[in-house]
Amino acid sequence: MAAGPMKMRAILNAGVTDIRVLMTHPMETGQRKDADGKLVPMHFIQNVTVKVNGKTVVESQTSQAISRNPVFTFRVRGGNRGDKIEVSWIDNQGETNKTETAVA
């Protein structure tokens, strides 16, 4: 399973922007075996970055211990309706993905 599209929403509420993003990714741990009994190689998201209007506000490192198709939630102080939110990731195989939305 290859990485697929992401879905995201960002909502401003009482001075805090809540960002929720669904990332389509297989997140293989390297411990599961395929039908032939061979180990499926590790394939997981390593870094996640959140930007607000082009400024990085969250940088995180993750591991293979996260489930397939993970959902992440971030809370960022401040923000305004219409601000551009960008979430991107890179995995251990060099694949990348990103999505953008405006704060509602």
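The coordinates are above.
The structure displayed is predicted, hence computed values, not measured ones.

Rules used in this analysis
Residues numbered from 1 in each chain as written. Predicted model: local features only at pLDDT ≥ 70, side-chain atom pairs only at ≥ 80, totals over all residues. Heavy atoms only, no water. Buried < 20%, exposed > 50% of the residue type's maximum accessible area, 1.4 Å probe, protein only. Helix = DSSP H or I, 4+ residues; strand = E, 2+ residues; numbered from the N terminus. Pairing = 2+ DSSP bridges. Core = buried A, V, L, I, M, F, W, Y, C linked by side-chain atoms within 4.5 Å. Contact = heavy atoms within 4.5 Å. Lys, Arg positive; Asp, Glu negative; His and termini not counted. Salt bridge = Lys/Arg side-chain N within 4 Å of Asp/Glu carboxyl O. Polar contact = N/O pair within 3.5 Å; in protein donor to acceptor, adjacent residues only side chain to side chain.

### Some points on the pairing of strand β5 (residues 71-77)
Along a regular strand, successive side chains alternate from one face of the sheet to the other.
Next up, step 1: Here β5 shows a clear split, with Phe72, Phe74 and Val76 buried on one side and none of Val71, Thr73, Arg75 and Arg77 buried on the other.
Next up, step 2: Pairing between strand β2 (residues 16-23) and β5: seven bridges, direction antiparallel. For aspartate 18, the partnering residue across the bridge sits in β5 and is arginine 75.

### Some details on the nonpolar core
Next up, step 1: Counting residues in each nonpolar core, the largest one holds 21 residues, and the members touching the most others are Ile19, Val21, Met23, Phe74, Ile85 and Val87.
Next up, step 2: When contributions to this core are tallied by element, the ones reaching two or more residues are β1 (6-13), β2, β3 (45-52), β5 and β6 (84-91).
Next up, step 3: Discounting residues that sit within four places of it in the chain, valine 87 has contacts with Met6, Met8, Ile19, Val21, Met23, Val48, Thr49, Val50, Asn97, Lys98 and Thr99.

### Things to note about the side chain of aspartate 91
Next up, step 1: Its place among the elements puts aspartate 91 in strand β6.
Next up, step 2: Here aspartate 91 sits buried without a salt bridge, and the closest side chain of opposite charge, arginine 68, lies 13 Å off (N-O distance).
Next up, step 3: Among the polar contacts made by the side chain of aspartate 91, one reaches the main-chain amide nitrogen of glutamine 93 at a distance of 2.9 Å.

### Some words on unusual backbone geometry
Next up, step 1: Backbone geometry at alanine 14 places phi at a positive 55°, although glycine is not the residue there.
Next up, step 2: Among the secondary structure elements, alanine 14 is positioned in the loop between β1 and β2.
Next up, step 3: Alanine 14 gets classed as exposed once you look at its relative accessible area, which sits at 77%.
Next up, step 4: For asparagine 53, which is not a glycine, the phi torsion comes out positive at approximately 50°.
Next up, step 5: Relative to the helices and strands, asparagine 53 resides in the loop between β3 and β4 (55-61).
Next up, step 6: The exposure class of asparagine 53 is partly exposed, given its relative accessible area of 47%.

### Structural notes on the pattern of salt bridges
Next up, step 1: Applying the stated criterion across every chain yields a total of five salt bridges.
Next up, step 2: Glutamate 28 is paired through a salt bridge with arginine 68; the nearest N and O atoms lie 3.8 Å apart. Of the two residues, glutamate 28 is situated in the loop between β2 and β3 and arginine 68 in the loop between β4 and β5; the sequence distance between them amounts to 40 residues.
Next up, step 3: Residue glutamate 28 is classed as buried on the basis of its relative accessible area of 9%.
Next up, step 4: Within this structure, Glu28, Arg32 and Arg68 form a network of salt bridges that share partners.

### Topic: the pairing of β2
Next up, step 1: Examined bridge by bridge, β1 and β2 share eight bridges and lie antiparallel to one another. Each bridged residue has a counterpart across the sheet, and for leucine 12 the counterpart in β2 is threonine 17.
Next up, step 2: A loop of two residues connects β1 with β2, the two strands running antiparallel in sequence, and alanine 14 in this loop sits at a positive phi of about 55°.

So far we have only geometry, and geometry alone does not tell us how the molecule works.
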